[in-house]
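Descriptive analysis of the structure
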Amino acid sequence: MVGRALPAWLAIAFLLLVSPHSPAAQDAACAIRGVVLDKDFRIPLSGARVLVAGTALSVVTQPDGNFVIDRLPPGTYTLSVSKDGYDREVIPGVVAASGRLAEVRIEMGQEVLEMDEVVVTGTDLPLGGEAAMLEIRETAVSVQDSLSSEIMSKAGAGDVASALKFVVGASVADGKYATVRGLSDRYTGTTLNGVRIPSADPRRRAVQVDMFPTGTIESLTVTKTFTPDRQGDFTGGGLDIHTRSIPDGPLLSFGASLGDNSLATGREGTLTYAGGGVSGFAFDGGERALPAGATRPLPTFPGFSARPSTQQMEASAEYDRLVRSFTPVMGVSTTSPGHDTSLSLAAGNRYEIGKAVIGVIGSITQSHKHDAYSGGANNTAVVSDPSQGITVTKERADSRGVEEALLGALATVVVRPARDHEVSLNLIYNRSAEDEARFQVQDTGYPATEQNQSLHYTERMVGSAQLQGRHLLAGLRGATLEWRGSWNTTEQDEPDVRFFRNSFNLETLTAEMPANSTEAQNTRRIFRTIQEDNLQAGADLSLPFELRAGAPGTAKAGLYAETSDRGYEQRSFTYRFPQQFGGFTNPARAQNLALARFTASSPGELWTDVFLSQTRIGLAGNSPPAPNQLLWTIVPLGDDVDYDGTQAIAAGYAMADVSLARGLKLIAGARYETTRLEVVPSNQAFGRVEVIQVQPSGDRAIVEVPQEEASTSIDTAHVLPSLGVVYEPRERMSLRATWSRTIARPNFRELAPVATEEFLFGDEFIGNPDLELSEITNLDLRWEWFLRQGGLLSASLFHKSVRDPIELISFSAGGRSFIQPVNFEKGRVYGLEAEARVPMGRLRRGLEGLEAGANVTLIRSELDVPAQEQESLRSFGLDEETRRLQGQPDHLLNVHLTWENERLGTSAGLFYNLIGETLLTGAARGVEDGSPNVYEQPFASLDVSLSQEFMKRFTVALKARNLLRRERESLYRTPDGEESVKTLRDTPALYTLTGGWSW
């Protein structure tokens, strides 16, 4: 139903766009005329920018200092005036009456710096400047933080992920995913120019922000409070990436970088595998695709005979064909990676045709990098008896090599046929690939060990076409119409994920499959594909009004709809060594039986080096007693679970902001949002799927149920109100208080009863069909003081009460270790934020260009553990009445010191980032034991950047990141404080030399 509504909404937007405007109404519009003068010499100032606070309307003064802002609806406005070399001036209370011209005279102090005349309107507003971002933040109706392209350049940030960590309360998980105030990605939405963009990783809601290079970004804005014109699940914050709009003229830039990873670049012994790696624009090139005949039905597995029938021979030949059609690689090898590289190109121009203006900007980015670690740890531990404490059941030495590639393209076309109308088209295409080789060794009691290998290639694609418009409707008393529609698609392809596990004797150098294990627990090849299509449409109408007392206000209303369709398919295979035919004394039979195990010639040789050799697979070639005798063969597992998922969201809202008195503004409204979400799993072989059930004993166990019972259907509606007050006790100081309600949805992966793992007998993530939406009540209070010359002081308090929070728990069942999302009853998050930016030139002459800044976030969270859950954990000493919410660091700290000398073209920066301890998974009871809480330990990083400009065209930059090289560590921890290592690994220092040219 929602999907059918999309074209209708776009049609409504189109009709509003082309509707005629009343000349009489245009005559009734208001205007503000004024002059800007030097305060000391009383001379006109050219090039001073005059901004109407709370809007994107701005002009630049003419050579005689005059300016005119016309077509304003009646009301009282605040003007912000800025010019290089002068203190910014804020003029409140400018009254624009119907049909009249308001006159203002503005005087600015400080040194005179002449600028060429430029007229800026609409989206020509230079949002990339730090001063402009502070002005927008100062006049915003919600609590928000921002980062300009100016700061990103000083920080040497090459992508959005690198830049975000300088925003107060923001952090980046896994180097890719934005989180705000410690809340996990389910509570954070990402938009591009106000339009939601899909994630390139269908397993997560979060967008991979490292896919957006800063060269095409004007600014980043993080909105931390909900208003009804935003999505109902924007709880922790909304990240808006604002791209460049209409350029002032021709734009052309090129950049290239060469990087070094201290743990990978040039390091012999870095893990990879034969045929692995990523290269070229297509990355994989289809080399890992499922063989064409692998989906055909196989004949019954043949019996072996000295005189096989024609049918038996044909069956054996079919299994021989199948096993030889797969790439003959199942294990790791080593390499010496080269340098990390990246290339970027951006171009654009401005075209004026009569009164129409057209802007075009396009960019393409390509990057290639490596990462690695060795000698790490990846352990599994449980508590079976509280008196014995934590017992490590699997202690593994862990090594990993990763190669990544990214290709991104962004194109923007902005058409402004008239000053009051603008239509833009954004096209996004990003394709990324990651290839991982992993090798683990578990000591099972000398001389016995267990070797565990995984080869995992993942390729992701996101494509988006976004059409949006903004129009001033003079016929509706200066109302503004904004509309948007977008088509998005994402794909994730995991072709030929390979797992191999074997026991290995360090004395005899023999390897065999571990005892008491199934074939699928030792060898597996998996082919997964995820395809998701998404459509969005919406329209917003803003109407200025005036109260009887003359106080101005704005009413806003809108509609929104979104549909998503996902398809998930998986095909899995395992290797089988069949029984050998013939007498015990037959030499050919004995020779073939020896292939069921392996003897190495040295401790470093692996079974996988020869496992799929041509003489070890398929039909035996040594004249065996059975002519149709098979050796290692590959067969489908038959227990794969596919699923289809659909989600439909429809919403409507109304809100208003109004000035109640001088310096006091009220923002209020509500959003009505419906959610229809369905996940339907299927198993083609048996019609049954595995789910996790809580038994009467409290144990969580694996059970098989008919696939119909594992389906999910959610159909809900929510009214999401919001109330905010902004009070300005003095000029350039504000106090903001907001109250709102929002929701959080489970994603498809969290609902689907499908288990996925990183390696055999590693942690398996399995969905939960019983999940429900979370409801959140938000309270925020912020004080801000905008100092002169770009200085800032702010402090915030926030509190979030979460009903039915979705949490990750870990437990063991059936010899397997699981991670699963579950709903708990109630949770709370509260905290404090503080931020300071101080231009040091304000404090002492000679320090011009030097800026110091710091922001800190202190977070506390509590989750009420249900009584039944406490009782089930009590026998293991893991029961707690409350614990932290999953994914919440207890503190965040960012400190920076930057210096810039425009005359020399030199800039430098020092940046320190600290992420506090974070709960990764909560304790839960499995079968006959309990798994403790798992905490990621605090992690600190130190980055340095240095940039030098030559001849105003060339720039050379040197960046050094993660100079502290701290270890990444996670720990099991019981309520009484006992700890044991879960994971441990080194982190690399990253050095990058970048050269750029711009015109």
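Note that the structure is a prediction, hence the values are computed from the model and not measured.

Take the overall build of the protein chain next. Secondary structure assignment for the protein chain yields nine helices and 56 strands. For the protein chain, the residues scored as buried account for 55% of the 999 residues in total. Summarising the internal contacts of the protein chain: among those between residues at least 6 apart in sequence, 72% fall at separations of at least 24.

Here we come to the packing of aromatic side chains. Applying the stated criterion to the full structure yields 14 aromatic pairs. Relative to W607, the ring of F500 has its centre 5.8 Å away and its plane inclined at 85°; by these criteria the two rings are edge-to-face. Here F500, found in strand β25 (residues 479–505), pairs with W607, found in the loop between β29 (598–599) and β30 (633–636); they are 107 residues apart in sequence, far enough to count as distant. Given a relative accessible area of 0%, F500 falls into the buried group. Using a relative accessible area of 1% as the deciding quantity, one classes W607 as buried. Seen from their ring centres, F527 and F573 are 6.2 Å apart, and the 90° between their planes marks the pair as edge-to-face. Note that F527 is positioned in strand β27 (residues 523–546) and F573 in strand β28 (residues 552–576), a separation of 46 residues in sequence. Here the two residues F527 and F573 agree in accessibility, since each one is buried. Here the aromatic cluster, defined as three or more aromatic residues joined through ring pairs, consists of F500, Y575, F577, W607, F611 and W632.

Tallied over the entire structure, the rule returns 46 salt bridges. A salt bridge links D233 to R745; the nearest nitrogen and oxygen atoms lie 3.1 Å apart. On the criterion of sequence distance, the pair formed by D233 in the loop between β13 (217–223) and β14 (237–243) and R745 in the loop between β36 (733–744) and α8 (748–751) is long-range, its members being 512 residues apart. Here D233 falls in the buried class, since its relative accessible area comes to 3%. When its relative accessible area of 6% is taken as the criterion, R745 is described as buried. For R350, the salt bridge is made with E352, and the minimal N-O distance between the two is 3.2 Å. Residue class for E352 comes out exposed when judged on its relative accessible area of 57%. Sharing partners across several salt bridges, the network here consists of D233, R671, E673 and R745.

Taken together, four strands build an open sheet; the order of strands is β3-β2-β5-β6 and the sheet is antiparallel. Lying at the two open borders of the sheet, with one neighbouring strand each, are β3 (58–60) and β6 (89–96). In this sheet, adjacent strand axes meet at a mean angle of 25° when their direction is disregarded. Strand direction decides the pairing type here: strand β2 (residues 49–52) and strand β5 (residues 75–82), joined by four bridges, are antiparallel. Paired with R49 across the strands is S82, a residue of β5.

Our next topic: helix α9 (residues 867–874). Listed as buried for α9 are E869, Q870, S872 and L873. Seen from one end, α9 has its buried residues packed into an arc of 165°, which puts them on one side. Structural note: α9 exposes A867 and Q868 on the side pointing more than 90 degrees away from its buried face.

Take a nonpolar patch on the surface next. On the surface, Y351, V360, V413, V415, L425, L427 and L467 cluster together to form a nonpolar patch covering roughly 500 Å² of accessible area. Among the secondary structure elements, those contributing two or more residues to the nonpolar patch are β22 (396–418) and β23 (421–443). For V360, the position within the fold is in strand β19 (residues 356–378).

Our next topic: the side chain of T921. Relative to the helices and strands, T921 is located in strand β48 (residues 918–921). Its relative accessible area of 7% is what places T921 among the buried residues. Looking at T921, its side chain comes within polar contact range of the side chain of S810, at 3.3 Å. Once you skip the residues sitting within four places of it in the chain, T921 turns out to touch L808, I809, S810, I819, N933 and V934.

Another point: unusual backbone geometry. In this model, Y446 is joined to P447 through a cis peptide bond whose omega is 5°. Inspection of the secondary structure assignment puts P447 in the loop between β23 and β24 (448–473). Positioned with a positive phi, N516 is a non-glycine residue whose angle comes to about 55°. By the element assignment, N516 lies in the loop between β26 (510–512) and β27. What makes N516 exposed here is its relative accessible area of 85%. The phi dihedral of F761 is positive, around 65°, even though this residue is not glycine. By secondary structure assignment, the location of F761 is in the loop between β37 (755–757) and β38 (763–766).

Below, the discussion takes up the environment of E494. Mapped onto the secondary structure, E494 falls in strand β25. The sequence separation of E494 and E459 amounts to 35 residues, and the corresponding C-alpha distance is 6.5 Å. Excluding anything up to four places from it in sequence, E494 contacts H456, Y457, T458, I526, F527 and R528. Here Q492 takes part through its side chain, which lies 3.3 Å from a polar atom of the side chain of E494.

F326, Y575, W607, F611, W632 and I634 are the most contacted members of the largest nonpolar core, which has 26 residues in total. Looking at this core, the elements that each hand over two or more residues are α6 (310–325), β25 and β28. Apart from the residues within four sequence positions on either side, F611 is in contact with M330, F500, M513, Y575, R616, I617 and W632.

There is a patch of like negative charges on the surface, built from E491, D533, D565, E569 and D644. Following the sequence through the fold, E491 ends up in strand β25. Judged by its relative accessible area of 31%, E491 falls in the partly exposed class.

So, about α6. Between its terminal C-alpha atoms α6 stretches 23 Å, which fits the 22 Å expected from 16 residues at 1.5 Å a residue. Residues of α6 that are buried: A315, S316, E318, Y319, D320, L322 and V323. Those residues of α6 that are buried are in contact with β28 and β30.

Next up on the list: the sheet that holds β38. Read across the sheet, four strands follow the order β37-β38-β42-β41 without closing on themselves; strand pairing throughout is mixed. Of all the strands in the sheet, the pair left with one neighbour each is β37 and β41 (806–813). Taking the axes of each pair of neighbouring strands and ignoring which way they run, one obtains an average angle of 30° across the sheet. Note that β41 and strand β42 (residues 816–823) share eight bridges and pair antiparallel.

A few words on the confidence of the model for the protein chain. Predicted confidence across the protein chain gives a mean pLDDT of 86, with 85% of residues reaching 70 or more. Overall, residues 111–129 carries pLDDT values under 50, and its contacts beyond four positions in sequence, including any with other chains, amount to 57 contacts.

Now for the pairing of β42. Consecutive side chains along a regular strand alternate between the two faces of the sheet. Along β42, six of the eight residues are buried, which leaves the element largely enclosed by surrounding structure. Summarising the sheet, β38 and β42 pair through three bridges and their orientation is parallel. By the bridge assignment for β42, F765 is matched with I819. Between β41 and β42, which pair antiparallel and follow one another directly, the connecting turn spans two residues, one of which, G814, has a positive phi of 60°.

Calculation criteria
- Residues numbered from 1 in each chain as written.
- Predicted model: local features only at pLDDT ≥ 70, side-chain atom pairs only at ≥ 80, totals over all residues.
- Heavy atoms only, no water.
- Helix = DSSP H or I, 4+ residues; strand = E, 2+ residues; numbered from the N terminus.
- Buried < 20%, exposed > 50% of the residue type's maximum accessible area, 1.4 Å probe, protein only.
- Contact = heavy atoms within 4.5 Å.
- Phe/Tyr/Trp six-rings, centres within 6.5 Å; stacked < 30°, edge-to-face > 60°.
- Salt bridge = Lys/Arg side-chain N within 4 Å of Asp/Glu carboxyl O.
- Pairing = 2+ DSSP bridges.
- Axes fitted to C-alpha atoms, helices over the stretch in contact; angles between N-to-C directions.
- Arc of directions from axis to C-beta.
- Patch = residues over 30% accessible without salt bridge, like charges linked within 9 Å, V, L, I, M, F, W, Y side chains within 5 Å.
- Areas by Shrake-Rupley, 256 points an atom, 1.4 Å probe, with all protein chains shown as cover.
- Polar contact = N/O pair within 3.5 Å; in protein donor to acceptor, adjacent residues only side chain to side chain.
- Core = buried A, V, L, I, M, F, W, Y, C linked by side-chain atoms within 4.5 Å.
- Lys, Arg positive; Asp, Glu negative; His and termini not counted.
- Charge placed at Lys NZ, Arg CZ, Asp CG, Glu CD.
- Expected span 1.5 Å × (residues − 1).
- pLDDT = per-residue confidence, 0-100.

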